[in-house]
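The primary structure of each chain is shown beneath.
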Amino acid sequence: MPDMEKLNSAIDSYAEQSYGSEQSDGILSTQRALALDAYAGKANQIDPAPEGGSSVGDWSVFETVQWILPSLTRIFAGGDDVVEFDPQGPEDEDVAKQESEVLNHIVTGKNNWFLTCLQWFQDALVTSNAYCMVYMEEKLIPETESYENQTLEQVTMILENDVEVVGQETIADEDDMEPVGVDPTTGEPILGPKIRYNIQVKKLTPVKRLKFRVLPPERCKVGEDTPDFTLEGCNYFEFWENVT
């Protein structure tokens, strides 16, 4: 087990000295604020406007970003083949093709990859810091199943699987008789229609999905000893958000 006191101390130390922290990123925060102002047309704006004059905004940064963004996004998100595995040899060609098709379906079919790139690249162009988190989302998906012509024993077994009954119907089959008791006078079996059940049940099925999320740069901290922008070799990365 790790020493929690030492671990918390190391986390606090990294958090205080990381890019994005209040103590270490005065320059980064200033640059980010200036970049956002320039993107919003407020870089050289005099506010409030002089008496008798009007306020003028410089939209050149906004126009440049919006001009570059569509072309840049099409490079990485245009078409259906955004992920590709290179085979290591002739025997790997079929496997590489199949894996590429599966991942392309997950990335572009199961996710809004174009919008992800659009948000990601806009952050990079405006603030010079952009992060996209890849994670496995786990959700419980409600599913409804129907069972027809079930015996009481079969229904009992179905209900043992942590399900909720949302519909049921009892059916008496007059063409299929079975003993339901004994006549006390004659001792002969008393026959009655077989009882069957139609039921609908709802169950929660765990589903895992690969997801992408563009992180707001102002809520990210990166260790100052990180070698480069790829974050490979990064000893500390923090993202936080307010939840209710």
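Residues numbered from 1 in each chain as written. Predicted model: local features only at pLDDT ≥ 70, side-chain atom pairs only at ≥ 80, totals over all residues. Heavy atoms only, no water.

Q: How would you sum up unusual backbone geometry? Please name residues and give values.
A: Positive phi values are uncommon outside glycine, yet S128 reaches one of about 70°. Even without being glycine, N149 reaches a positive phi, approximately 55°. For N149, the location among the structural elements is in strand β1 (residues 131-150). (Helix = DSSP H or I, 4+ residues; strand = E, 2+ residues; numbered from the N terminus.)

Q: Requested: an account of a negative patch on the surface, with residues and values cited.
A: On the surface, D80, D81, E84, D86 and E101 cluster together into a patch of negative charge. Tracing the backbone through its elements, the reader meets E84 in the loop between α3 (60-77) and α4 (93-109). (Patch = residues over 30% accessible without salt bridge, like charges linked within 9 Å, V, L, I, M, F, W, Y side chains within 5 Å. Areas by Shrake-Rupley, 256 points an atom, 1.4 Å probe, with all protein chains shown as cover. Salt bridge = Lys/Arg side-chain N within 4 Å of Asp/Glu carboxyl O. Lys, Arg positive; Asp, Glu negative; His and termini not counted. Charge placed at Lys NZ, Arg CZ, Asp CG, Glu CD.)

Q: Describe the environment of D80, with residues and values.
A: Assignment of secondary structure puts D80 in the loop between α3 and α4. Taking the C-alpha atoms as reference points, D80 and V107, 27 residues apart in sequence, are found 9.6 Å from one another. Excluding residues within four positions of it along the chain, D80 makes contact with N104 and T108. (Contact = heavy atoms within 4.5 Å.)

Q: Tell me what's going on with the nonpolar core, and back it up with residues and numbers.
A: Nonpolar side chains tend to gather and get buried jointly when the protein is soluble and globular. Core analysis: the largest hydrophobic core is formed by eight residues, namely L69, A77, V107, W113, C117, F121, C132 and F212. Looking at which element gives the most residues to this core, the answer is helix α5 (residues 113-127), with three residues. In contact with C132, not counting residues within four places along its chain, are T116, W120, F212, R213 and V214. (Core = buried A, V, L, I, M, F, W, Y, C linked by side-chain atoms within 4.5 Å. Buried < 20%, exposed > 50% of the residue type's maximum accessible area, 1.4 Å probe, protein only.)

Q: Can you break down the side chain of E137 residue by residue, with the values?
A: As for its placement among the helices and strands, E137 is situated in strand β1. Despite its burial, E137 remains without a salt bridge, the nearest opposite charge being carried by K139 at 4.0 Å. The residues touching E137, leaving out its near neighbours within four places in the chain, are V207, K208, R209 and K211.

Q: Could you give an account of the side chain of S100, naming the residues involved and the relevant values?
A: Tracing the backbone shows S100 in helix α4. In contact with S100, other than residues within four places in its own chain, are V83, E84 and F85.

Q: Pulling in residues and values, what's your account of the confidence of the model for the chain?
A: Averaged over every residue, the pLDDT of the chain is 82; residues scoring 70 or more account for 88%. Mean pLDDT across the secondary structure elements of the chain bottoms out at helix α2 (residues 26-39), with 72, and peaks at β1, with 91. (pLDDT = per-residue confidence, 0-100.)

Q: I'd like a description of the packing of aromatic side chains, backed by residues and values.
A: Overall, the coordinates contain four aromatic pairs when judged by the stated rule. Taking 6.0 Å as the distance between ring centres and 25° as the angle between the ring planes, the aromatic pair formed by W120 and F121 counts as stacked. An aromatic cluster of three or more residues is present, and its members are F76, W120 and F121. The ring of W240 is capped by K221, whose NZ or CZ atom sits 5.6 Å from the centre of that ring. (Phe/Tyr/Trp six-rings, centres within 6.5 Å; stacked < 30°, edge-to-face > 60°. Lys NZ or Arg CZ within 6 Å of the ring centre and 35° of its normal.)

Q: So what's going on with the pattern of salt bridges? Residues and values would help.
A: For the coordinates displayed, the defined rule picks out four salt bridges. Across the pair E138 and K208 runs a salt bridge whose closest N-O atoms are separated by 3.9 Å. Taken together, the residues span a long stretch of sequence, with E138 in strand β1 and K208 in strand β3 (residues 189-215) at a distance of 70 residues. What makes K208 exposed here is its relative accessible area of 59%. In this structure, E164 engages K202 in a salt bridge whose closest nitrogen and oxygen atoms are separated by 3.8 Å. Of this pair, E164 sits in strand β2 (residues 164-182) while K202 sits in strand β3, and the two are 38 residues apart along the sequence.

Q: Before we move on, could you go through α3 and cite the residues and values that matter?
A: Taking 1.5 Å of rise per residue, the 18 residues of α3 would be expected to cover 26 Å, and the 26 Å separating its terminal C-alpha atoms lies within 8% of that figure. The largest bend in α3 is about 30°, located at L69, with the proline P70 one to four residues further on. Of the residues making up α3, those classed as buried are V65, L69, T73 and A77. Looking one or two places after α3, you find G79, whose phi comes out positive at around 85°. (Expected span 1.5 Å × (residues − 1). Bend = angle between axes of the 7 residues up to and from the residue.)

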